[in-house]
Every structure is written in C-alpha cells, then in structure tokens.
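The lines below spell out each chain.
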Amino acid sequence: MIDEIKIFSPATVANVSCGFDVLGFCLDTVGDEMIVRKTSEKGIRIIKIEGYDLPLETQKNVAGVAALALYDDAKPDYGFEIEIYKNIKPGSGIGSSSASASGSIFAINELLGKPYNQTQLTNFAMKGEALASGSEHADNIAPGIFGGFTLVKSTSPLEVLQLPTPYDLYATIIHPQIEVKTSEARAILPKEIPMKNAITQWANVGSLVHALHTNDYELISKSLNDVVVEPYRSQLIPHFKDVKNETINAGALGCGISGSGPSIFALSKGIENAKNVENAMKMVYSKTPIDFNTYVSKINTDGVKIL
Ligand code: HSE
C-alpha cells in the first residue's frame, strides 16, 4: 500500500446559471495541488500551505475539517499530514474551499485503500465547505469528486447524479479581483420567489439536463438562464451585464455568475469560440481599473486526479 500521494484538485463552477445549489461542473486548467502522506503519529496535521495565507490549524482549515470527518469515521491506527499548494484564490467563486476539502478527502481515501465511494467522499468534504460558507451545499464538491457535470438531487441524505458532458463543451472564466463573500451573496437572496420565476427556473434546469444527455448545444444555450439568483447577485459584480452581452455577441452559448461570484463563467462549443469569449471578457475589464484573471478550460470529466 502507498504511503504518500500527490493530487490535483480542480476548480469548479457551481450553480451553472439555472441550478442554484444543485448543478456544477469541473474545470481542467486551474486547481490546487496537494501532497498527503501517512504518519505513525495519529491525527490530521496540515504542515505546509503555499500560495495563499490560510490557517494551518486543522480545525480552522477546510481541508483539515473535511479530513477529520473522514478520519473520525475510518479510525485508522496512523495519521496523515497534508501539504497544500493553492492556485485557486479563496473567495474567487470557482470553488477554492471545496478544492481543498475534496482534495484532502480524495487523497486520504486513496491512502486508506479506497474504502469510501464518491458519494461518501462528497459527504465528508461538505463538512469543510460548511466551515467556509456556513452552509452544507455540495454543488462545488460533487463535480470535483465525480468529474464533469453533477446534479445534487438531495443533501440529506446525500444523492449525487453524474450527468454526461458533451465532448466539445468549453468553459471560459473571468475572475475580477474584487471580494464577494459567499455568506453575503447568500444573505442578499430572497427567502421566497414568485411561482412564475420558479416555473421558468425548473423548466431551465430540466432542459439543461436533457441537453447534456442529448449533446444539444442549442438547447444548452436556451437553458442557461437564471431568473432567481442572478438578478440579485449581479449587482455585486461590476460590469457583469457588459461581460454577459459581449460574451454572447462573441459566440458563447450562455454566461452567468460562477458560484457566488465574483467570477463569471461562459460555456462555448469548441475551443476557438471559448478563446473568442475570453477576449471579449478581457476587453470589458481592460477598460476598468479592476485587475482580473481569465481561464479557458475543457470540462474535466475526471475530477480530482493523482499526479
Ligand atoms: N451554490 C453556492 C452559492 C455555491 O451559490 O451560494 C457557492 O459556494
């Protein structure tokens, strides 16, 4: 049995416009790396974090809290130490905390000889996500663990459906360097929504799921519409409407807020379109004083990977 493992834990896009708290997909070109090794000393220790200033205390770190949830269940007679090399900026809206939580859980499961299935791993990782955002949702965790597109049918008990990924689907992301706290982006949402909007929204979720199953890019495009959350959260992201208009003009199938923002995602058919969309996004933010990063990525159907 191996004693040490190095993994890549990818960034993810939650909500996918119409699927607030239930839909998500996994990115390929951006993510964190982690090294996890067995120790004779029992317990979970985070011994190194590079990239961003995050707490080393196990109980205060999302990777540590998630790892502890699994560790307390598995009760091995040895421990684990974790090194985290973060590339995903915390608070970016592309699943930084969930990448840490999913990565530590995935790696420890491998070192234990894979006793847990993907749904159980998602459940443990959600404990870390709860520390970061104050709510146990799995729409960033599930695509990281399962890969591709996922739908969280229920969190209690946890039930995750893995959806098919059309081969030519690419994501473009722009991350404006402003801060949007997930807890605040959740707090501004209404507690109740009009029936008319609910009908539009669940029709879009259903048709997006159908479109993924049938490789119907036109239907994907028509389904990427959010009448419930985006009208509120878009106010927290400067120039969101301009980015959306320009990406659609540049050929994107659709565009929306990635998770709770501030990142904005677009989906496109083919890498050329995705790159044109990236240029369109850059053009909008280049005219502002706000710094930004962009990424173009094929949808990652593997999820967390061993390096
Ligand atoms: N579904 C979550 C939200 C994702 O939009 O608040 C961010 O953690």
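Bear in mind the structure is a predicted one, so any value in this text is a computation, not a measurement. Position numbers for residues start from 1 in each chain and track the written sequence from start to end. Note on the predicted model: pLDDT of at least 70 is required for a residue's local features to be given, and 80 or more for side-chain atom pairs to be given and counted; whole-chain, interface and lining totals, by contrast, use all residues. Water and hydrogen atoms play no part in the side-chain values, which are based on all heavy atoms of the structure.

A. Representation of the nonpolar core within the structure. Among buried residues, those of type Ala, Val, Leu, Ile, Met, Phe, Trp, Tyr and Cys that are joined through side-chain atoms within 4.5 Å constitute a nonpolar core. The cut-offs for exposure are 20% and 50% of the maximum accessible area for each residue type, with area from a 1.4 Å probe on protein chains only; residues under the lower value are buried, those over the upper are exposed, and the others partly exposed. By size, the foremost hydrophobic cluster in this structure holds 38 residues, and its most contacted members are V36, I44, L70, F80, I82 and I108. By definition, residues are in contact when any of their heavy atoms lie within 4.5 Å. Those residues in contact with L70, other than ones at most four positions away along the chain, are I105, I108, L112, Y116, L121 and F124. Listed in part, the 31 residues of the second largest apolar core include F25, I88, A211 and F265.

B. Spatial organisation of empty space enclosed by the protein. Grid points spaced at 1 Å and placed over the protein atoms alone form the basis of the search, with a cavity being a set where a 1.4 Å probe fits but cannot get out and a pocket an open set showing protein on both sides within 12 Å along at least five of seven lines. Lining residues have an atom within 4 Å of a point. Grid points are joined across faces, edges and corners, and a volume is the space filled by probe spheres set on the points. Tallied over the full model, the rule gives one cavity of 30 Å³ or more. Roughly 70 Å³ of internal volume is contained in the largest cavity. Those elements that place two or more of their residues in the lining of the largest cavity are α8 (230-233) and β8 (254-257). Partitioning the lining of the largest cavity into residue classes produces three nonpolar, four polar and three charged. Each of two domains, domain 1 (4-164) and domain 2 (169-298), supplies a minimum of three residues to the lining of the largest cavity. Each helix is a run of H or I in the DSSP string that is no shorter than four residues. Each strand is a run of E no shorter than two, and both are numbered from the N terminus. Following the grouping adopted for this structure description, the nonpolar residues are Ala, Val, Leu, Ile, Met, Phe, Trp, Tyr, Cys and Pro, the charged ones are Asp, Glu, Lys and Arg, and the polar ones are all others, Gly among them. For every domain, the bounds stem from an assignment made automatically or drawn from a database.

C. Looking closely at the domain arrangement of the protein. Each domain of the protein was delimited in the assignment, giving domain 1 (4-164) and domain 2 (169-298). In this complex, domain 1 contributes 29 residues to the contact, which on the side of domain 2 involves 37 residues. Buried surface area refers to the total accessible area, computed with a probe of radius 1.4 Å, that the two partners give up upon joining, counted for both partners together. Buried area between domain 1 and domain 2, summed over both chains or domains, comes out near 2,500 Å², and the portion from carbon and sulfur atoms is 65%. Area buried by domain 1 at its contact with domain 2 is led by S17, C18 and F20, which between them contribute 25% of it. One side-chain nitrogen of Lys or Arg within 4 Å of one carboxyl oxygen of Asp or Glu is enough to make a salt bridge. Joining domain 1 to domain 2, the criterion identifies one salt bridge. Residue D21 is joined to R186 by a salt bridge in which the shortest nitrogen-to-oxygen separation is 2.7 Å. The set of elements that each furnish at least two residues to the side of domain 1 that touches domain 2 consists of β1 (4-14), β2 (23-39) and β5 (149-155). Counting residues per element, the side of domain 1 that touches domain 2 draws most heavily on β2, which supplies seven residues.

D. Quick look at the sheet that holds strand β9 (residues 264-269). What makes two strands pair is DSSP finding at least two bridges between them. Taken together, the four strands give an open sheet; going across it, the order is β8-β9-β7-β10, and neighbouring strands pair in antiparallel fashion. Looking along the sheet, the strands with just one partner apiece sit at the ends: β8 and β10 (292-298). When the angles between neighbouring strand axes are averaged without regard to direction, this sheet yields 20°. Looking at chain direction, strand β7 (residues 169-176) and β10 are connected through seven bridges and run antiparallel. In the sheet register, P176 faces β10, and the bridge partner there is F292. Note on geometry: axes are lines fitted to C-alpha atoms, helical ones only across the stretch in contact, with angles between N-to-C directions running from 0 to 180 degrees. Sitting on the sheet, helix α10 (residues 271-286) touches β7, β9 and β10, and the angle it makes with β7 is about 15°.

E. Spatial organisation of the site of the ligand. Near the ligand, the surroundings consist of A14, N15, F20, D21, H137, D139, N140, T182, R186, R233, G259 and S260. One of the side-chain N or O atoms of N15 is found 2.8 Å from an oxygen atom in the ligand. In isolation the ligand exposes 260 Å². Once the protein is present, 96% of that is buried. Whether a molecule sits in a cavity or pocket is decided by its atoms, more than half of which must lie within 2 Å of the grid points. Mapping the ligand onto the cavity grids shows that it belongs to the largest pocket. A cutoff of 4 Å decides nearness: a residue is near a molecule or strand if any of its heavy atoms lies inside that distance of it. Definition of a polar contact: a pair of N or O atoms within 3.5 Å, with one able to donate and the other able to accept a hydrogen when the atoms are protein atoms, and with sequence-neighbouring residues admitted only if both atoms are side-chain atoms. Here the open area of atoms and residues is found with the Shrake-Rupley method and a 1.4 Å probe, where only the protein chains shown may cover a residue.

F. Focus on the layout of surface pockets. By volume, the largest pocket amounts to about 750 Å³. Lining the largest pocket are 39 residues; nearest its centre among them are P90, G91, S97, A132 and T182. Listing elements by their share of the lining of the largest pocket, those giving two or more residues are α2 (96-111), α3 (118-133) and α5 (182-187). It is α3 that provides the largest number of residues to the lining of the largest pocket, a total of four residues. Residue composition of the lining of the largest pocket, grouped by class: eleven nonpolar, 18 polar and ten charged. In terms of domain composition, the lining of the largest pocket takes at least three residues from each of domain 1 (4-164) and domain 2 (169-298). Of the pockets and cavities examined, the second largest pocket occupies roughly 300 Å³. Lining the second largest pocket are 14 residues, with F20, I193, Q201, V228 and V229 sitting closest to its centre. Of the residues forming the lining of the second largest pocket, the biggest block, four residues, is contributed by helix α6 (residues 195-214). Residue composition of the lining of the second largest pocket, by class: eleven nonpolar, two polar and one charged.

G. Local environment of α6. An ideal rise of 1.5 Å per residue puts 28 Å on 20 residues; α6 measures up with 28 Å between its terminal C-alpha atoms. For α6, the full list of buried residues reads A198, Q201, N204, V205, S207, L208, V209, A211 and L212. Packing partners of the buried residues in α6 comprise β2, β5, β6 (158-163), β7 and α7 (217-223). Remark: N215 follows α6 within two positions and exhibits a positive phi of approximately 55°. Each helix should span, by expectation, one fewer than its residue count multiplied by 1.5 Å.

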